[in-house]
Amino acid sequence: MDLTTAFVGMGVIVFIGFVGDYIFEKTKIPDVLLLIGAGLLIGPLLTHLLGRPLIYASSLQIFAPFLGALALIIILFDGALDLSYEKMMAYLGPAVLHTIVIFAANVALVALLFHYLAGFPVLVAALLGIVVSGTSSAIVIPLLAGSSATEDTKTVLVLESVITDVLCIVCALTLVSMLEGGVADASSVINDLLMPFAVAGMLGGIAGMVWLYFLKWMQGRQYIFMITLAALFALYGAVEYVKASGAIAVLVFGLVLSNRDEFGRIFRLKTAFVLDRNIQAFHSEVAFVVRTFFFVYTGMIFTFML
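What counts, and where the lines are drawn
Residues numbered from 1 in each chain as written. Predicted model: local features only at pLDDT ≥ 70, side-chain atom pairs only at ≥ 80, totals over all residues. Heavy atoms only, no water. Helix = DSSP H or I, 4+ residues; strand = E, 2+ residues; numbered from the N terminus. Buried < 20%, exposed > 50% of the residue type's maximum accessible area, 1.4 Å probe, protein only. Contact = heavy atoms within 4.5 Å. Areas by Shrake-Rupley, 256 points an atom, 1.4 Å probe, with all protein chains shown as cover. Salt bridge = Lys/Arg side-chain N within 4 Å of Asp/Glu carboxyl O. Core = buried A, V, L, I, M, F, W, Y, C linked by side-chain atoms within 4.5 Å. Disulfide = S-S within 2.5 Å. Phe/Tyr/Trp six-rings, centres within 6.5 Å; stacked < 30°, edge-to-face > 60°. pLDDT = per-residue confidence, 0-100. Patch = residues over 30% accessible without salt bridge, like charges linked within 9 Å, V, L, I, M, F, W, Y side chains within 5 Å.

Draft legend 1. Representation of the overall build of the chain in the model. Secondary structure assignment for the chain yields 13 helices and zero strands. Secondary structure of the chain in N-to-C order comes out as α-α-α-α-α-α-α-α-α-α-α-α-α. Across the 306 residues that make up the chain, the buried fraction comes to 39%. Long-range pairs, those at least 24 residues apart, make up 77% of the contacts in the chain with a sequence separation of at least 6. For the chain, the accessible area works out to roughly 16,900 Å², and carbon and sulfur atoms hold 71% of it.

Now the structure itself:
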């Protein structure tokens, strides 16, 4: 694909994202379906119809880890800016219980079906159940943004999606270790589940409080949003480096910023914190673009088994 075609394609994708968002607003039909469908059309469908690829999926797949992490950071921060600290704390317990019960039931059901109907080994069937039982925050948060769900429902679903992201990773890695001949005891599994939440929550909260002081000092200056975006990237990378959940750290970071007055009262801080409105406005625009390209990209790298 030449440079001119690439720029035309990027412009078309942004327009598709706008149309999808408008349709979602009017009909509540998820724009995610339209965006992934557009990616399928650009990628595997046109490749099959034309007999040659416009874009090689193999060359795109190397960007998947980066684009997935980027979309997760942007979407989680966007969702956190709309979360209420009081409601999150009120629903945290029920959300954790609900998530664990539903996750365990889904894993058990999928594992039983694939073990007894398809003949998969138990551990392999359980691994498949874990992989498909998570509700990805990258999907849930954009869907909730334009929905008519109550704030309470949105809070529970956002928490559930973030918790299942961690559950899927930790449980999948545990089963992979067992399949390779390792032994996993209950205490180590529980520790692996709790530590990512505890460490990420602490680091995200500390970073959020520090950033509130920084934003106060930066009040009235330029480039506040871009510096905040840089802080998000650095926070996510640092937390992932210490084997904790960067997603949770980003969520807590955004939660502290959006509920700055509440956190100021909790820690008895006399400083009056501010959050530049441009941060939320610019981030909404960036989230729209990143989300649009991410879901179109997801469709483009899909492969049909023909």
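Draft legend 2. Looking closely at the pattern of salt bridges. For the structure on display, the rule yields three salt bridges. For Asp-21, the salt bridge goes to Arg-291, with nearest N and O atoms at 3.9 Å. Residue Asp-21 is found in helix 1 (residues 3-27), and its partner Arg-291 is found in helix 13 (residues 277-300); the two are separated by 270 residues along the sequence. Residue classification places Asp-21 among the partly exposed positions, given a relative accessible area of 30%. The partner of Lys-87 in a salt bridge is Asp-152, and the shortest N-O contact between them spans 2.9 Å. Taken together, the positions of Lys-87 in helix 5 (residues 85-116) and Asp-152 in helix 8 (residues 151-179) put the pair 65 residues apart, joining distant regions of the chain. One network of salt bridges, in which partners are shared, links Asp-21, Asp-31 and Arg-291.

Draft legend 3. Representation of the nonpolar core. Among the nonpolar cores identified, the biggest contains 63 residues, and Leu-76, Phe-77, Leu-232, Val-250, Leu-251, Phe-253 and Leu-257 are the most heavily contacted of them. Sort the elements by how many residues they give to this core and helix 11 (residues 246-258) lands first, with 10 residues. If sequence neighbours within four positions are ignored, Leu-76 has contacts with Ser-137, Ile-141, Val-162, Ala-247, Val-250 and Leu-251. In this structure, Ala-111, Ala-126, Ile-130 and Cys-168 belong to the second largest nonpolar core, which totals 13 residues.

Draft legend 4. Main features of the state of the cysteines. Taken as a whole and assessed by the stated rule, the structure comprises zero disulfides. You can see Cys-168 has no disulfide; the closest cysteine sulfur is in Cys-171, sitting 7.5 Å from it. You can call Cys-168 buried: its relative accessible area is 15%.

Draft legend 5. Geometry of the packing of aromatic side chains. A complete count under the given rule lists six aromatic pairs for this structure. On the basis of an interplanar angle of 45° and a centroid distance of 5.8 Å, the ring pair of Phe-214 and Trp-217 is categorised as tilted. Of this pair, Phe-214 and Trp-217 both sit in helix 9 (residues 186-217), separated by three residues, roughly a single helical turn.

Draft legend 6. Fine view of the side chain of Ser-245. Tracing the sequence through the fold places Ser-245 in the loop between helix 10 (224-241) and helix 11. Given a relative accessible area of 9%, Ser-245 falls into the buried group. Non-local contacts of Ser-245, meaning those with residues more than four positions away in its chain, are made with Val-166, Pro-196, Ala-200, Val-239 and Glu-240.

Draft legend 7. The confidence of the model for the chain, seen in detail. Averaged over the chain, the pLDDT score is 82; the fraction of residues at 70 or greater is 89%. Confidence, expressed as mean pLDDT per element, reaches its minimum in the chain at helix 3 (residues 57-61) with 68 and its maximum at helix 10 with 91.

Draft legend 8. Main features of a nonpolar patch on the surface. A grouping of Leu-109, Leu-112, Leu-113, Phe-114, Tyr-116, Leu-117, Phe-120, Val-124 and Leu-179 is seen on the molecular surface, where their side chains present a nonpolar patch of about 870 Å² in accessible area. Mapping Leu-117 onto the fold places it in the loop between helix 5 and helix 6 (122-132). Since its relative accessible area comes to 70%, Leu-117 is described here as exposed.

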